[in-house]
Amino acid sequence: MIKAILVFNNHGKPRLSKFYQYFDESLQQQIIKETFQLVSKRDDNVCNFLEGGSLIGGSDYKLIYRHYATLYFVFCVDSSESELGILDLIQVFVETLDKCFENVCELDLIFHADAVHHILSELVMGGMVLQTNMNDIITRIEDQNKLIKQESGISAAPARAVSVVKSMNIPQQIKDIKLPDLPQAIKDLKF
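Residues numbered from 1 in each chain as written. Predicted model: local features only at pLDDT ≥ 70, side-chain atom pairs only at ≥ 80, totals over all residues. Heavy atoms only, no water.

An unreviewed UniProt entry lists the protein chain under the name AP-3 complex subunit sigma-2, from Drosophila arizonae. The heading Sequence similarities (unreviewed entry) in the UniProt record of the protein chain holds the text "Belongs to the adaptor complexes small subunit family." (UniProt positions renumbered as here; feature names shortened; annotations may be inferred.)

As structure tokens, this is what we get:
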């Protein structure tokens, strides 16, 4: 099971953190700091697996990570997860982000946090891997984006209606209405 997914930059600033086990916020910050210290000290030519830090579960858990440009993608998992499977999952996550944001960068994670969390929730939910097929994930994201556009059209309808009514100049239209001469109209009525 996946215990946590962390993404931070080369300076240790968290850009995404998703915990699938409860930790209070101060402990989460300590885990992020400890994980960054463990991962950032490693050479690029060594294995991408290491024992979890003392705060995240020690030797019972593994930190599996990939370093892309300025970002570290770290998955903390228990012994039931395959290290190579998680490395592949990280690759799918990064490639999906790359397709959705066209050359994903650190700023995309900052300014589109909701979309990044949505992509992540297509991959992993409750610490369990749901989907590893990038094409299926992208299809779900595109479907979600279509729904958002449809809803924005519906929610914008009242604003468009108010705008149309304001532009109608109703007082002038009322003045321009030609009413028949009432006394003459009454005479023309035959009882």
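Colleague: Would you take a moment to explain the nonpolar core for this structure?
Modeller: Across soluble globular proteins, you tend to see nonpolar side chains buried next to one another. Counting 29 residues, the largest nonpolar core has Ile-2, Phe-73, Phe-75, Ile-86, Phe-93 and Leu-97 as the members making the most contacts within it. Looking at this core, the elements with two or more residues in it are strand 1 (2–9), strand 5 (71–78), helix 2 (83–101), helix 4 (113–123) and helix 5 (134–166). The dominant element in this core, judged by the number of residues it contributes, is helix 2, at nine residues. Excluding anything up to four places from it in sequence, Phe-93 contacts Leu-16, Phe-73, Val-116, Ile-119, Leu-120 and Leu-123. Among the nonpolar cores identified, the runner-up in size contains 17 residues, and Ile-32, Val-39, Ile-56 and Val-74 belong to it. (Core = buried A, V, L, I, M, F, W, Y, C linked by side-chain atoms within 4.5 Å. Buried < 20%, exposed > 50% of the residue type's maximum accessible area, 1.4 Å probe, protein only. Helix = DSSP H or I, 4+ residues; strand = E, 2+ residues; numbered from the N terminus. Contact = heavy atoms within 4.5 Å.)

Colleague: Sorry, what's going on with the environment of Ser-82 here?
Modeller: Counting through the fold element by element, Ser-82 comes out in the loop between strand 5 and helix 2. Once the C-alpha coordinates of Ser-82 and Ile-64 are considered, the two residues, 18 residues apart in sequence, prove to be 9.9 Å apart.

Colleague: Quick question: what am I supposed to make of the packing of aromatic side chains here?
Modeller: One pair of aromatic rings is described through two measures. These are the centre distance and the angle between the planes. A complete count under the given rule lists six aromatic pairs for this structure. Through a chain of ring-to-ring contacts, three or more aromatic side chains come together here, namely Phe-8, Phe-36 and Tyr-72. Here the guanidinium or amino end of Lys-3 rests over the ring plane of Tyr-61, the centre of that ring lying 3.8 Å away. (Phe/Tyr/Trp six-rings, centres within 6.5 Å; stacked < 30°, edge-to-face > 60°. Lys NZ or Arg CZ within 6 Å of the ring centre and 35° of its normal.)

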